[in-house]
Structures are given as C-alpha cells and as structure tokens.
Amino acid sequence: EFPTWVTAVAITRDGKFIMEKQYRHALGLTMMEIPGGCVDDTDTGLEFAISRELKEETGYEFDKFEYMGKTSANPSTHNNWMHMYLATGGVKTVHQELDDNEDIEVHLLTIDEIKRLLKDNLIYQSMHATALFYALQKMGELKF
C-alpha cells in the first residue's frame, strides 16, 4: 500500500521546464525527474498538494494548473495512483524547504533539452516520462 502521489511538468513564465536531479538509492543512480510527492492528510485536494510540493522542492509558485490524468506505477503491486499536472507561469518566490532525507538540485531546461532527454531514454522514472509525454501532447509539441 502506498499513498496517493502527485507530480507536475512545471514550466516557468519564460518557458523553462523545472527538472530535479537527485540520487535514487534503489538503482544507485542520480537522475533527472519532474517535481512531485505524496498527498498529505492535511492537503485540501490534489492541486493543493502539487502546489505545496512544487513550492517546497523548487521554490516556485505557478499561475495555472491543468490536470492531465492519472497513472499507476504498477497495478499488480501498487494500490495507488499518481496524478499528473501541467503547471505553468512559474516564478521563484522562496528557497527550497526540503525534508531531511531530500537532496534535490533544481535545473531549468529548454523544451529541446527535454525532448532530447526523452528521445535518448534518459528519464528513467517511467511515470515522469509519461507525464512529460502527456504535457508535450497538451502543448501541441507531440502529435499522435
């Protein structure tokens, strides 16, 4: 059993994608990911939860949130959902407020750099790659 998760493809007002670089012990790798985390019992809803996570992990606040749906890490072993958002209009307003076990490096990337990471299969967290593909589709940058 796992808690509900939220994540966002977060874009600044000047069009940069906010990515996080952090070490993941299970794979022994430092990797690029999108921001997100667990929905807390005190969160008033999913959008509140992702807004809180973005502010804590990146220091950015956003003008707009668009819900992009939900996905499962593995429905045979996980009973939870990860809810995906496209957050736009980001402005840095505060410093990161990381948990004791978090060591997150924030990077601002162009859309071309994001596409290159996806093309080269360098977004290893599959749910994050899924959210990025959905965001690119919503932005008209990926057509099916």
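Everything in this summary refers to the structure shown in the same document. (Residues numbered from 1 in each chain as written. Predicted model: local features only at pLDDT ≥ 70, side-chain atom pairs only at ≥ 80, totals over all residues. Heavy atoms only, no water.)

**Some thoughts on the layout of surface pockets**
By rolling a water-sized probe across the atoms, one finds the places where empty space is left.
Here comes step 1: Looking at the largest pocket, its volume works out to about 710 Å³.
Here comes step 2: Residue classes in the lining of the largest pocket are distributed as 13 nonpolar, 7 polar and 11 charged. (1 Å grid on protein atoms, 1.4 Å probe; cavity = no way out; pocket = protein on both sides within 12 Å on 5 of 7 lines; lining within 4 Å. Points joined across faces, edges and corners; volume = space filled by probe spheres on them. Nonpolar A, V, L, I, M, F, W, Y, C, P; charged D, E, K, R; others polar.)

**Some points on the pattern of salt bridges**
Here comes step 1: For the coordinates displayed, the defined rule picks out 11 salt bridges.
Here comes step 2: A salt bridge links Glu33 to Arg24, with the shortest nitrogen-to-oxygen separation between them at 2.8 Å.
Here comes step 3: Its salt-bridge partner being Glu53, residue Arg52 comes within 3.2 Å of it at the nearest N-O pair. Side by side, Arg52 and Glu53 carry an identical accessibility label, which is buried. (Salt bridge = Lys/Arg side-chain N within 4 Å of Asp/Glu carboxyl O. Buried < 20%, exposed > 50% of the residue type's maximum accessible area, 1.4 Å probe, protein only.)

**Describing the packing of aromatic side chains**
Here comes step 1: Applying the stated criterion across every chain yields a total of 5 aromatic pairs.
Here comes step 2: With a centroid separation of 6.4 Å and an interplanar angle of 85°, the aromatic rings of Phe65 and Tyr85 are classed as edge-to-face. Pair noted here: Phe65 is in strand S6 (residues 64-71) and Tyr85 is in strand S7 (residues 82-92), with a separation of 20 residues, a long-range link. Both residues of the pair, Phe65 and Tyr85, belong to the buried class.
Here comes step 3: Relative to Tyr85, the ring of Tyr67 lies with its centre 5.3 Å away and its plane at 70°, an arrangement referred to as edge-to-face. One end of the pair, Tyr67, is in strand S6; the other, Tyr85, is in strand S7, with 18 residues separating them in the sequence.
Here comes step 4: The class for Tyr67 is partly exposed, based on a relative accessible area of 39%. (Phe/Tyr/Trp six-rings, centres within 6.5 Å; stacked < 30°, edge-to-face > 60°. Helix = DSSP H or I, 4+ residues; strand = E, 2+ residues; numbered from the N terminus.)

**Here's the deal with the side chain of Thr71**
Here comes step 1: Here Thr71 lies in strand S6.
Here comes step 2: Residues contacting Thr71, with those up to four places away along its chain left out, are Trp81, Met82, Met84 and Met127. (Contact = heavy atoms within 4.5 Å.)

**Some words on a nonpolar patch on the surface**
Here comes step 1: A contiguous nonpolar surface patch, about 370 Å² in accessible area, is contributed by Leu27, Leu29, Leu122 and Tyr124.
Here comes step 2: Along the chain, Leu29 falls in strand S3 (residues 29-33).
Here comes step 3: Exposure remark for Leu29: the relative accessible area of 36% places this residue in the partly exposed category. (Patch = residues over 30% accessible without salt bridge, like charges linked within 9 Å, V, L, I, M, F, W, Y side chains within 5 Å. Areas by Shrake-Rupley, 256 points an atom, 1.4 Å probe, with all protein chains shown as cover.)

**A short note on the nonpolar core**
Here comes step 1: Core analysis: the biggest nonpolar cluster contains 22 residues, and Val9, Met19, Ile123 and Leu132 have the highest contact counts within it.
Here comes step 2: Contributions of two or more residues to this core are made by strand S1 (5-12), strand S2 (17-24), S7, helix H2 (111-119) and helix H3 (126-138).
Here comes step 3: The contact partners of Leu132, leaving out residues within four places of it in the chain, are Val9, Phe17, Met19, Ile34, Ile114, Leu118 and Ile123.
Here comes step 4: Val6, Ile50, Leu54 and Tyr60 belong to the second largest nonpolar core, which has 12 residues in total. (Core = buried A, V, L, I, M, F, W, Y, C linked by side-chain atoms within 4.5 Å.)

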